Amino acid sequence: AQTVTQSQPEMSVQEAETVTLSCTYDTSESDYYLFWYKQPPSRQMILVIRQEAYKQQNATENRFSVNFQKAAKSFSLKISDSQLGDAAMYFCASLLNAGGTSYGKLTFGQGTILTVHP
Amino acid sequence: DGGITQSPKYLFRKEGQNVTLSCEQNLNHDAMYWYRQDPGQGLRLIYYSQIVNDFQKGDIAEGYSVSREKKESFPLTVTSAQKNPTAFYLCASTPRDGQGYTEAFFGQGTRLTVV
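These numbers were taken from a predicted model, which means no experiment stands behind them.

1. Comments concerning the packing of aromatic side chains
Logical step 1: For the structure shown, the criterion picks out 16 aromatic pairs over all chains.
Logical step 2: The interplanar angle of 85° and the centroid separation of 6.3 Å between the aromatic rings of F91 of chain A and F108 of chain A together place this pair among those described as edge-to-face. Note that F91 of chain A is positioned in strand β10 (residues 88-96) and F108 of chain A in strand β11 (residues 106-108), a separation of 17 residues in sequence. Each of the two residues, F91 of chain A as well as F108 of chain A, counts as buried.
Logical step 3: Taking 5.9 Å as the distance between ring centres and 70° as the angle between the ring planes, the aromatic pair formed by F108 of chain A and F106 of chain B counts as edge-to-face. Of this pair, F108 of chain A sits in strand β11 while F106 of chain B sits in strand β12 (residues 105-106), on two different chains. Each of the two residues, F108 of chain A as well as F106 of chain B, counts as buried.
Logical step 4: Put simply, the rings of Y33, F35, Y37, F91 and F108 of chain A together with Y33, Y35, Y48 and F106 of chain B pair up and form one aromatic cluster.
Logical step 5: Lying over the aromatic face of F88 of chain B, R43 of chain A brings its terminal NZ or CZ to 4.3 Å of the ring centre.
Logical step 6: Residue placement shows R68 of chain B over the ring face of F74 of chain B; its charged tip is 6.0 Å from the ring centre.

Criteria and cut-off values
- Residues numbered from 1 in each chain as written.
- Chains lettered and ligands numbered in written order.
- Predicted model: local features only at pLDDT ≥ 70, side-chain atom pairs only at ≥ 80, totals over all residues.
- Heavy atoms only, no water.
- Phe/Tyr/Trp six-rings, centres within 6.5 Å; stacked < 30°, edge-to-face > 60°.
- Helix = DSSP H or I, 4+ residues; strand = E, 2+ residues; numbered from the N terminus.
- Buried < 20%, exposed > 50% of the residue type's maximum accessible area, 1.4 Å probe, protein only.
- Lys NZ or Arg CZ within 6 Å of the ring centre and 35° of its normal.

Put into structure tokens, the structure is as follows:
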């Protein structure tokens, strides 16, 4: 089974501060990608950051970085210097690149609503 | 411009009727997906398809059906067997390179309301 769990339904942060969103996943496969997507009120899904499971180095995109702990199956997102425009729902997701009929299966977590206070 | 087009944006259905949501992509992506999103909730996978003429059930396939007759099209039918179909539906697609599938691209969504 492939599951993604986000245990924080809501988080808040002051503008310019740092916040970390948590995500754990479970898969028996060794070949997969992990993602963080952002969904603003417009509901358009926007890719924030991507991590290939075979890479040990944590991915970074400007103010966004991840802490990928493969053995613990943990994939947290850190947002530095938070901005008002970061306010949105954030989804963690896993995409399998192995597993027979599960090849290509893309599973999302429940989401975390992030509020940014000015 | 390349992208994923979902239509219509808003759809109203009477109880007991089947309705079909359209999803078309001109990105030449191999895999396509349908998700359901309820208010304040995550995305739950309904069906996905890796290749033409083949598809797999997701986590909540009951009451839904799909087809993949063309690479660029993946319509979703919400049948009368779906007990609570009112929701926001998102279609996505992913390309595949030499290392496998990569990131997903999404359509704008269809808001389905049962009246």
